[in-house]
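Below are the chains, spelled out letter by letter.
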Amino acid sequence: MPKRVDHEERRTQIAEALIQVAGRRGLHAVGMRDVAAEAGVSLRLVQYYFETKEKLLFYGLQHLTDRFTARVGARLAAAGPDPGQRVTIEALLLASLPTDQESRTFHLLYSSYSILSVTDGALAAQPFIDNPDAAENALTGLIEGAQAAGLADPGADARTEAISLLAMTATMGTSILVGQRSPESAIAVLRHHLDRIFTAGGHTTPDGGQRTRSTS
């Protein structure tokens, strides 16, 4: 009896190969033949599942986003059953900083996708991500929730703070990649700004420690 092929599993295998080879060589330098070799399958099979390179790239972006979501989930799970708004925000932001190989690959490729979508008409014609405002909306809601609970500065504009935190994280992620700053210094800057937003003392951090806002 012939073995039944799990098509979704095969697609994931190919997408994972794309991420691995692109993480080493850069997204712009990767072709479908390179991905086939990395996955250990034929070029024809890659073309069967993804008719064009643009469709392969888009599916790879979705897979990359799924991996990021799982990474955030793991951080939150480690923080306990009720981590709170600040810890949730830290988990999301710190997961996207390139502090290890997994997050380095995510930041590098996500940035590459952004640039390619500007110059590649076929890629730009597809939705870049299902909901481009998802992270911004999530952070805004978390900050608003903390304000309602008396844990964050009530005078802060939640939407503006969310946008600022995301932009800051993206920029500092790039500065880590190019060696301008260390992951530790970038994390310290992010936490400094979170200390400004979250006014209550004694915040629990994702690693389980406690941090008290300075009164000096």
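Up top is the structure these notes are about.
Procedures and definitions
- Residues numbered from 1 in each chain as written.
- Predicted model: local features only at pLDDT ≥ 70, side-chain atom pairs only at ≥ 80, totals over all residues.
- Heavy atoms only, no water.
- Helix = DSSP H or I, 4+ residues; strand = E, 2+ residues; numbered from the N terminus.
- Buried < 20%, exposed > 50% of the residue type's maximum accessible area, 1.4 Å probe, protein only.
- Contact = heavy atoms within 4.5 Å.
- Areas by Shrake-Rupley, 256 points an atom, 1.4 Å probe, with all protein chains shown as cover.
- Axes fitted to C-alpha atoms, helices over the stretch in contact; angles between N-to-C directions.
- Parallel < 35°, antiparallel > 145°, perpendicular 65-115°, else oblique.
- Left-handed = near helix turned anticlockwise from the far one by under 90°.
- Nonpolar A, V, L, I, M, F, W, Y, C, P; charged D, E, K, R; others polar.
- Core = buried A, V, L, I, M, F, W, Y, C linked by side-chain atoms within 4.5 Å.
- Phe/Tyr/Trp six-rings, centres within 6.5 Å; stacked < 30°, edge-to-face > 60°.
- Lys NZ or Arg CZ within 6 Å of the ring centre and 35° of its normal.
- Salt bridge = Lys/Arg side-chain N within 4 Å of Asp/Glu carboxyl O.

Caption draft 1: Representation of the overall build of the chain within the structure. What the chain contains, in helices and strands, is 10 helices and 2 strands. Burial status across the chain gives 40% buried among its 216 residues. Contacts in the chain between residues far apart in sequence, at least 24 positions, make up 61% of those at least 6 positions apart. If you sum the accessible surface of the chain, you get close to 11,500 Å²; carbon and sulfur atoms cover 54% of it.

Caption draft 2: Highlighting the packing of helix 5 (residues 84–96) against helix 10 (residues 183–197). Two numbers describe how helix 5 lies on helix 10: the axes approach to 11 Å, and their chain directions differ by 150°. Relative to helix 10, the element helix 5 is oriented roughly antiparallel. In this structure, helix 5 meets helix 10 at a crossing whose hand is right-handed. On helix 10, the residues touching Arg86, Ile89, Glu90, Leu93 and Leu94 of helix 5 are Ile187, Leu190, Arg191, Leu194 and Asp195. Broken down by class, the residue content of the contact of helix 5 with helix 10 amounts to 6 nonpolar, no polar and 4 charged.

Caption draft 3: Representation of the nonpolar core in the model. Leu18, Leu27, Val35, Leu56, Ile89 and Leu165 are the most contacted members of the largest nonpolar core, which totals 52 residues. What Leu165 contacts, discounting residues up to four positions off in sequence, is Ile89, Leu93, Leu139, Ile143, Leu190, His193, Leu194 and Ile197.

Caption draft 4: Here's a closer look at the packing of aromatic side chains. Following the criterion strictly, the structure yields 4 aromatic pairs and no others. Considering the side-chain rings of Tyr48 and Tyr49, the 5.0 Å spacing of their centres and the 80° angle between planes classify their relative orientation as edge-to-face. For Tyr48, a relative accessible area of 58% puts it in the exposed group. Three or more aromatic residues joined by ring pairs form one cluster here, namely Phe68, Phe106 and Tyr110. The cationic tip of Arg11 hangs over the ring face of Phe50; the distance from NZ or CZ to the ring centre is 5.3 Å.

Caption draft 5: Local environment of the environment of Ile176. Along the polypeptide, Ile176 turns up in helix 9 (residues 158–177). A relative accessible area of 11% means that Ile176 is categorised as buried. It is 9.1 Å that separates the C-alpha atoms of Ile176 and Arg104, two residues lying 72 residues apart in sequence. If near-sequence neighbours (up to four positions away) are discounted, Ile176 is found in contact with Leu97, Pro98, Arg181, Ser182, Pro183 and Ala186.

Caption draft 6: Quick peek at the pattern of salt bridges. Overall, the coordinates contain 11 salt bridges when judged by the stated rule. Two residues, Asp195 and Arg86, come together in a salt bridge whose shortest N-O distance is 2.8 Å. Of this pair, Asp195 sits in helix 10 while Arg86 sits in helix 5, and the two are 109 residues apart along the sequence. For the pair Asp195 and Arg86, one class covers both residues: buried. It is possible to trace a salt-bridge network through shared partners that takes in Arg86, Glu90, Arg191 and Asp195.

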